[in-house]
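Notes for the structure review
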Amino acid sequence: MRTLVFSSQTYDRDSFLAADCPAGVELQFQPARLSLDTAALADKHQVVCAFINDDLSAPVLERLVAGGTRLIALRSAGYNHVDLPAAKRLGLAVVRVPAYSPHAVAEHAVALILALNRRLHRAYNRTREGDFSLHGLTGFDLVGKTVGIVGTGQIGATFAKIMHGFGCQLLAYDPFPNPDVLALGARYLSLPELLAQSRIISLHCPLNEQSKHLINRNSLAHMQAGAMLINTGRGGLVDTPALIDALKDGQLGYLGLDVYEEEAQLFFEDRSDLPLQDDVLARLLTFPNVIITAHQAFLTREALGAIAATTLHNIATWAAGTPQNQVEG
């Protein structure tokens with residue numbers, strides 16, 4: 001069963017080749033991003049393995065099916081980039097990796113909090129230039145601070161446990177309260193209440209029609225002045241231009257992003273020799289109280305191994321007629 005892995009980086013190849021590959025599965029790796037222009041590369045491949053920034057819109061799916069593809073194996077938990085009604089209409093199965101390492105993403109969110117709070121990025125650059133002064137580097141103790149967690153699935157719950165270990169007070173927003181989070185003493189509130197009471201807000205919810213631009217000009221106005229916002233979920237959860245205005249007037253005191261709504265044409269590539277064409281992202285990078293990482297929260301050895309193993313298992317069970325982790329349109 002020929003399988004083409006789009007948007008594959010060196011670490012993808014290494015993790016997939018290190019995993020136990022089911023009999024009959026032939027892996028081929030393609031660094032190009034899946035789009036209508038590159039879909040022809042998948043001709044005569046029954047399986048296409050796609051990542052978060054691959055284009056899985058209806059025209060691309062139609063082209064894949066015309067070339068013989070029958071399964072889309074996502075190596076991600078999210079599937080908001082897939083036109084599921086089109087996939088169903090075309091008879092194209094879609095499987096995903098519902099969980100790989102919630103610790104990887106949760107720990108990266110905590111890393112952003114610590115780096116922003118203690119200005120580690122500024123201190124690092126300063127000392128490398130021989131400047132050992134401490135002005136402008138004052139942070140705050142995390143113990144006793146109120147942390148708002150938006151989305152308390154596996155990642156959000158893991159993040160809650162870590163912040164509970166710091167001695168933080170936990171607030172949560174989720175239509176389905178998690179007993180594990182409640183056991184930590186967290187209180188579930190409405191989103192406006194959570195935003196108003198939290199010093200730190202971290203986003204861990206999926207991106208869908210209801211959550212798109214969950215953080216916008218109106219919701220930012222509900223936050224405490226100088227609050228910290230962390231997003232390791234999906235870029236579309238926030239209205240990015242609204243963040244810029246909130247940073248400029250001080251309503252938002254700290255911002256940590258591992259995702260960006262327009263990241264598809266930017267992230268996972270070395271563009272250091274090229275002018276940055278995205279004016280919004282360029283503006284964000286000018287703020288000293290902003291840290292942006294290029295969607296690396298998932299990038300741990302453990303997570304990569306789990307992603308590869310689950311993806312290969314999904315392909316094998318689909319081929320056997322007993323599909324697992326299938327996404328229904």
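Residues numbered from 1 in each chain as written. Predicted model: local features only at pLDDT ≥ 70, side-chain atom pairs only at ≥ 80, totals over all residues. Heavy atoms only, no water.

Our focus in this paragraph is the overall build of the protein chain. Across its full length, the protein chain holds 12 helices and 12 strands. The C-alpha atoms of the protein chain give a radius of gyration of 21 Å, which matches the 20 Å a tight globule of 329 residues would have. By its C-alpha atoms, the protein chain is 60 × 50 × 35 Å across when sized along the principal axes. Across the 329 residues in the protein chain, those meeting the buried criterion constitute 50%. A separation of at least 24 residues holds for 67% of the contacts in the protein chain among residues at least 6 apart in sequence. (Helix = DSSP H or I, 4+ residues; strand = E, 2+ residues; numbered from the N terminus. Rg over C-alpha atoms; globule rule 2.2 N^0.38 Å. Buried < 20%, exposed > 50% of the residue type's maximum accessible area, 1.4 Å probe, protein only. Contact = heavy atoms within 4.5 Å.)

Take the nonpolar core next. Counting 29 residues, the largest nonpolar core has Ile 201, Ile 215, Met 223, Leu 229, Leu 243 and Leu 255 as its most contacted members. Secondary-structure elements contributing two or more residues to this core are α8 (191-197), β9 (200-203), β10 (227-231), α10 (240-248) and β11 (252-257). The greatest single-element share of this core, amounting to five residues, is contributed by α10. Not counting residues within four places of it along the chain, the set of residues in contact with Leu 255 comprises Leu 116, Leu 229, Leu 243, Leu 247, Leu 284, Asn 289, Val 290 and Ile 291. (Core = buried A, V, L, I, M, F, W, Y, C linked by side-chain atoms within 4.5 Å.)

The seven strands are arranged β8-β7-β6-β9-β10-β11-β12 in an open sheet whose pairing can be described as parallel. Each having just a single partner strand, β8 (187-188) and β12 (290-292) make up the two edges of the open sheet. Across four bridges, the pairing between strand β6 (residues 146-150) and β9 is parallel. Within β9, the position partnered with Gly 148 by the bridge is Ile 201. Against the sheet, helix α6 (residues 154-165) makes contact with β6, β7 (169-173) and β9, and its axis sits at roughly 170° relative to β6, the strand it touches most. (Pairing = 2+ DSSP bridges. Axes fitted to C-alpha atoms, helices over the stretch in contact; angles between N-to-C directions.)

Another aspect to go through is the packing of aromatic side chains. Scanning the entire structure with this criterion turns up five aromatic pairs. A ring pair is formed by Tyr 11 and Phe 298, whose centres lie 6.4 Å apart and whose planes are at 65°; its orientation type is edge-to-face. Of this pair, Tyr 11 sits in helix α1 (residues 10-18) while Phe 298 sits in the loop between β12 and α12 (301-319), and the two are 287 residues apart along the sequence. When its relative accessible area of 5% is taken as the criterion, Phe 298 is described as buried. An aromatic cluster of at least three residues, connected via ring pairs, comprises Tyr 11, Phe 51, Phe 268 and Phe 298. The side chain of Arg 199 reaches across the aromatic face of Phe 140, ending 4.3 Å from its centre. (Phe/Tyr/Trp six-rings, centres within 6.5 Å; stacked < 30°, edge-to-face > 60°. Lys NZ or Arg CZ within 6 Å of the ring centre and 35° of its normal.)

So, about the pattern of salt bridges. One pass over the structure, following the stated rule, counts six salt bridges. Taking the shortest distance from any N to any O, the salt bridge between Glu 62 and Arg 89 comes out at 3.2 Å. Placement of Glu 62 in helix α2 (residues 58-66) and of Arg 89 in helix α3 (residues 84-90) is noted, with a sequence separation of 27 residues between them. We note a salt bridge from Glu 261 to Lys 212, for which the minimum N-O separation is 2.8 Å. With Glu 261 in the loop between β11 and α11 (279-284) and Lys 212 in the loop between β9 and α9 (217-222), this pair connects stretches of sequence that are 49 residues apart. For Glu 261, a relative accessible area of 28% puts it in the partly exposed group. (Salt bridge = Lys/Arg side-chain N within 4 Å of Asp/Glu carboxyl O.)

In the structure shown here, the tally under the stated rule is one cavity of 30 Å³ or more. If you add up the space inside the largest cavity, you get close to 30 Å³. Lining of the largest cavity is provided by Ser 7, Gln 9, Tyr 11, Asp 12, Phe 51, Arg 75, Phe 268 and Phe 298. Of the residues assigned to the lining of the largest cavity, the class counts are four nonpolar, two polar and two charged. (1 Å grid on protein atoms, 1.4 Å probe; cavity = no way out; pocket = protein on both sides within 12 Å on 5 of 7 lines; lining within 4 Å. Points joined across faces, edges and corners; volume = space filled by probe spheres on them. Nonpolar A, V, L, I, M, F, W, Y, C, P; charged D, E, K, R; others polar.)

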